[in-house]
Amino acid sequence: MITRKVGPALACGCTVVVKPSEFTPLTALAAADLALQAGIPAGALNVVMGNAPEIGDELMQSTQVRKITFTGSTAVGKKLMAGSANTVKKVSLELGGNAPCIVFDDADIDVAVKGSLAAKFRNSGQTCVCANRILVQEGIYEKFASAFVKAVQSLQVGNGLEESTSQGPLINEAAVQKVEKFVGDATSKGANIMLGGKRHSLGMSFYEPTVVGNVSNDMLLFSEEVFGPVAPLIPFKTEEEAIHLANDTNAGLAAYMFTKNIARSWRVSEALEYGLVGVNEGLISTEVAPFGGVKQSGLGREGSKYGMDDYLEIKYV
């Protein structure tokens, strides 16, 4: 997250103050130390830690700060946007997602399972581009669900420093409780647990990779971002219904689809209200392409030449 912001900022000649998440401060300090070792001048890259609201208020009110860039929750992003109004700062925001992953009945099952697995379970479901809702066309639903559950069963949960591990813990206890709340809400409204659905035997903040079947749009798993290793499967009948379900959210960051039909891939890509669309591909982030969302998933883009624009002002002489 930090390199995506600091890289273009320094390249454009800006100095930077980084306020890392209070849950992950050590990587920010390590990055700052490496920057000094690499020859970036002292004072060009600064890291400040402590009380988030106090630091945020100070940065918002300062007229020396000309731009705010933030990756995190939509709720905090809105506060930063409002706080930037008094000094009319430039703002770029990478906020929450609610990524749909649409599997059409003309998809290659193996490609769809592999791609959906990668999109859902990277970082144990804790990224803003993780597939949050897997929409599966009725004609292929049972076949896909069976193959997907089998693939999820093979995921190794454990210490992330071990080579065989593909699923680590959630970031803290609150994250586990949120996952439990979402899964409980879904089962109370008629969804069925196809795999997992509880804390892992390793304890702490580990949660079992989970697949929930027959999820509907009245459940939290559909309407909000679970940010954990839970894959909700949602059946649909037609392409039009899939597009409607996919767009039925205030978020608009990433979306995925699996189909062998080229015409459909273009048609659906254009209809999806998302800043990033993966077609037959579950891992779509790359530094050479513009990354960002629409609607309440944020403003601006990171990566590619377009990511430089957010750190520059146009002057006409």
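Residues numbered from 1 in each chain as written. Predicted model: local features only at pLDDT ≥ 70, side-chain atom pairs only at ≥ 80, totals over all residues. Heavy atoms only, no water.

### Comments concerning the domain arrangement of the protein
The assigned domain composition of the protein is domain 1 (1–95 + 297–311) and domain 2 (99–279). Here domain 1 meets domain 2 over a buried area of about 470 Å², counting both sides, of which 58% is carbon and sulfur. Among the residues domain 1 hides against domain 2, the three largest losses belong to Phe23, Leu95 and Ser297. Together they make up 69% of the total. Between the two partners, domain 1 and domain 2, sit 0 salt bridges. (Domains from an automatic or database assignment. Buried area = accessible area lost by both parts, 1.4 Å probe. Salt bridge = Lys/Arg side-chain N within 4 Å of Asp/Glu carboxyl O.)

### As for the state of the cysteines
Going through the model one piece at a time under the given rule, you end up with 0 disulfides. Of the cysteine sulfurs around cysteine 14, a residue in no disulfide, the closest is that of cysteine 12, at 5.8 Å. Cysteine cysteine 128 remains unbridged, with the sulfur of cysteine 130 as its closest cysteine sulfur at 8.2 Å. (Disulfide = S-S within 2.5 Å.)

### Description of the packing of aromatic side chains
Counted according to the given criterion, the structure contains 3 aromatic pairs. Measuring from centroid to centroid gives 5.7 Å for phenylalanine 104 and phenylalanine 236, while their planes differ by 85 degrees, and the two rings are edge-to-face. Pair noted here: phenylalanine 104 is in the loop between β5 (99–103) and α5 (109–121) and phenylalanine 236 is in strand β9 (residues 230–236), with a separation of 132 residues, a long-range link. A relative accessible area of 0% places phenylalanine 236 in the buried class. Consider the rings of phenylalanine 144 and phenylalanine 148, whose centres lie 5.4 Å apart with planes at 15 degrees: the pair is stacked. Within this pair, phenylalanine 144 and its partner phenylalanine 148 are both found in helix α6 (residues 141–153), separated by 4 residues, close to a single helical turn. We classify phenylalanine 144 as buried; its relative accessible area is 0%. (Phe/Tyr/Trp six-rings, centres within 6.5 Å; stacked < 30°, edge-to-face > 60°. Helix = DSSP H or I, 4+ residues; strand = E, 2+ residues; numbered from the N terminus. Buried < 20%, exposed > 50% of the residue type's maximum accessible area, 1.4 Å probe, protein only.)

### Considerations on the nonpolar core
In this structure, Val103, Ile134, Phe144, Phe148, Val152, Leu233 and Tyr256 are the most contacted members of the largest nonpolar core, which totals 35 residues. Put simply, the parts of the chain that give this core at least two residues each are β5, α5, β6 (131–137), α6, β9 and β10 (254–258). Among the elements that line this core, the one with the most residues is α6, at 7 residues. The residues touching valine 152, leaving out its near neighbours within four places in the chain, are Leu117, Phe121, Leu195, Pro209 and Val211. Residues Phe104, Ala186, Ala246 and Val268 belong to the second largest nonpolar core, which totals 31 residues. (Core = buried A, V, L, I, M, F, W, Y, C linked by side-chain atoms within 4.5 Å. Contact = heavy atoms within 4.5 Å.)

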